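Reading the structure
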Amino acid sequence: MTACIQMRSDFIYPGAGQLGEFFFELKGADDMAFLPEILPVAPGLYLCIMTGPATNYPRIDFRVGNSPVTFCLTLSGRFSSTFSSPGGSKQRDHYVGPNTNTIGSLQKTWGQMTIDPSLPVRCVELMIDPRLLQRYLPGHLISNVTGRKQIRFFRGQEFLSHPLDPELRKTALEILNPPPLNGPALELFYQSRAMILLSRQVELFCHSAGKGNNLSLKPDLRDQLAHAKSILTEDFLDPPTIPVLARRCGLNEFTLKKEFKRTFNSTIFTFVQKLKMEQAWALIREKNHSVSEAANAVGYINVSHFSRAFKKQFSINPGILKKNENLCRPALQALLGRAK
């Protein structure tokens, strides 16, 4: 399926002093098994349930007006988003993986989201009016900006992300598999579970925001590190910064750098540098590029700096590689030997 889904959401404030109402619109998804179920559980508080296969998903183009604060519990599924906002200097990237609890708020934002088709989607989101959330937060997390109260952490497009703890997972599974109730009894069930989630999420939010998101993260590291490696392999010519890469993988920067080096026996910089030099080798040896053309193609302005990096990687000067193919074969064999 190649068609694009159009998704629009907004948080509308009916009048002064009233809590916001969530507006959601999805177009182009009539034949899809995956449709979010929006459940209002209290004024200014909503549950969003997403389940189903993620196979054959098209790209999702989204546009957000006002946004609630969203607590997203992802039991299964991988979501990659690129988004922008008015006045933003550049696009931002965000990644949500399985077994992740993400707290975020996007205001007046648009972008694209893709869903990994290899995993089924199982998510529960708790969406809350920011003014309602402020009632439960300590004063030091609230600021007064031009006469308007604002949660300090959400002064822009930011997220907190950490592992899904057992308590949140248990409650999310109860919401995804409700008891055989109907009418008011079912409404009370969802309200009770939503308040359990809110209580735990407020506790985590205060702890995380107070520590600047410097949490010790221990989710499925193998999956997250493999995702980091995949991102770097795909985008090595213009790699994301370590903070951006960490957010996309659901890790903090320290854990990402430490575990990447331990797992792949290479720092992130060295890994990207190796990919760039291998690309330059192929350009010179197989595509008949000049040394300066190859240097420019892999992001080097200074050819001398490129030549030093190339020689450090392959023990051969790129100029010699260009002039005489026979002399490059031992270096290629050495490279292949190191890569095994």
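Residues numbered from 1 in each chain as written. Predicted model: local features only at pLDDT ≥ 70, side-chain atom pairs only at ≥ 80, totals over all residues. Heavy atoms only, no water.

**Let's talk about the overall build of the protein chain**
The condition is simple: Helix and strand definitions here come from DSSP, where helices need a minimum of 4 consecutive H or I residues and strands a minimum of 2 consecutive E residues; each element is numbered from the N-terminal end. Any residue under 20% of the maximum accessible area for its type is buried, any over 50% is exposed, and the rest in between are partly exposed; the area is computed with a 1.4 Å probe on protein chains only. We call two residues in contact when some of their heavy atoms are within 4.5 Å. Note on areas: Shrake-Rupley with a 1.4 Å probe; residue coverage comes only from the protein chains shown.
Along its length, the protein chain carries 11 helices and 14 strands. In the protein chain, which comprises 340 residues, the proportion classed as buried is 46%. Intrachain contacts of the protein chain at a sequence separation of at least 6 include 68% that bridge at least 24 residues. Of the roughly 18,000 Å² of accessible surface on the protein chain, 52% is carried by carbon and sulfur atoms.

**A look at the environment of Phe-260**
On the secondary structure map, Phe-260 appears in helix H6 (residues 253-264). The spatial distance from the C-alpha of Phe-260 to the C-alpha of Phe-271 is 9.8 Å, given a sequence separation of 11 residues. Non-local contacts of Phe-260, meaning those with residues more than four positions away in its chain, are made with Leu-225, Lys-229, Leu-232, Thr-255, Asn-265, Ser-266, Thr-267, Ile-268 and Phe-271.

**Remarks on the environment of Ile-320**
Looking at the element boundaries, Ile-320 is found in helix H10 (residues 318-323). By relative accessible area, Ile-320 is classed as partly exposed at 39%. In this structure, the C-alpha to C-alpha distance between Ile-320 and Val-291, residues 29 residues apart in sequence, is 10.0 Å.

**Some thoughts on the pattern of salt bridges**
The cut-off we apply is this: What counts as a salt bridge is simple: a side-chain nitrogen of Lys or Arg found within 4 Å of a carboxyl oxygen of Asp or Glu.
Taken as a whole and assessed by the stated rule, the structure comprises 9 salt bridges. With its nearest N and O atoms 2.7 Å apart, the salt bridge here joins Glu-259 to Arg-262. Taken as a pair, Glu-259 and Arg-262 lie in helix H6 at a separation of 3 residues, close to a single helical turn. Since its relative accessible area comes to 11%, Glu-259 is described here as buried. The salt bridge partner of Glu-278 is Lys-274, with a shortest N-O separation of 2.6 Å. One end of the pair is Glu-278 and the other is Lys-274, both in helix H7 (residues 268-285) and 4 residues apart, which spans about a single turn. Connected via shared salt-bridge partners are Asp-165, Glu-167, Arg-200 and Glu-203.

**So, the nonpolar core**
Put simply, the test is: To qualify as a nonpolar core, a set must consist of buried Ala, Val, Leu, Ile, Met, Phe, Trp, Tyr and Cys residues joined through side-chain atoms within 4.5 Å.
Counting 31 residues, the largest nonpolar core has Leu-47, Phe-71, Leu-126, Ile-128, Leu-133, Tyr-190 and Leu-197 as the members making the most contacts within it. Sort the elements by how many residues they give to this core and helix H3 (residues 183-210) lands first, with 8 residues. In this structure, Met-50, Ile-60, Phe-83 and Cys-123 belong to the second largest nonpolar core, which totals 17 residues.

**Remarks on H6**
Three or four residues apart is the spacing at which side chains of an α-helix point the same way, because the helix has 3.6 residues per turn. Worth spelling out the cut-off: Working rule for helices: expected span equals 1.5 Å times residues minus one. The arc in question is the one spanned by the directions pointing from the helix axis to the C-beta atoms. By the criterion applied in these results, polar contacts are pairs of N or O atoms within 3.5 Å in which, for protein atoms, one can donate a hydrogen and the other can accept it, and in which residues neighboring in sequence qualify only through two side-chain atoms.
Relative to the 16 Å expected for 12 residues at 1.5 Å per residue, H6 spans 16 Å between its end C-alpha atoms, a close match to the ideal helical length. Of the residues making up H6, those classed as buried are Thr-255, Leu-256, Glu-259 and Phe-260. Projection of H6 onto a plane perpendicular to its axis shows the buried side chains occupying an angular sector of 120°, all on one side. Exposed residues lying more than 90 degrees from the buried face of H6 are Phe-254 and Arg-262. Where H6 begins, the side chain of Asn-252 points an oxygen toward the backbone nitrogen of Phe-254, at a separation of 3.4 Å. Positive backbone phi, at 55°, marks Asn-265, one or two positions downstream of H6.

**What about the confidence of the model for the protein chain?**
Note the cut-off: pLDDT expresses how confident the predictor is about each individual residue, on a scale running from 0 to 100.
Model confidence for the protein chain is summarised by a mean pLDDT of 77, while 76% of its residues fall at 70 or above. The lowest-confidence element of the protein chain is helix H11 (residues 329-339), averaging 46 in pLDDT; the highest-confidence one is helix H8 (residues 291-297), averaging 91. Long-range and interchain partners of residues 335-340, a stretch whose pLDDT sits below 50, account for 5 contacts in this model, where long-range means more than four residues apart.

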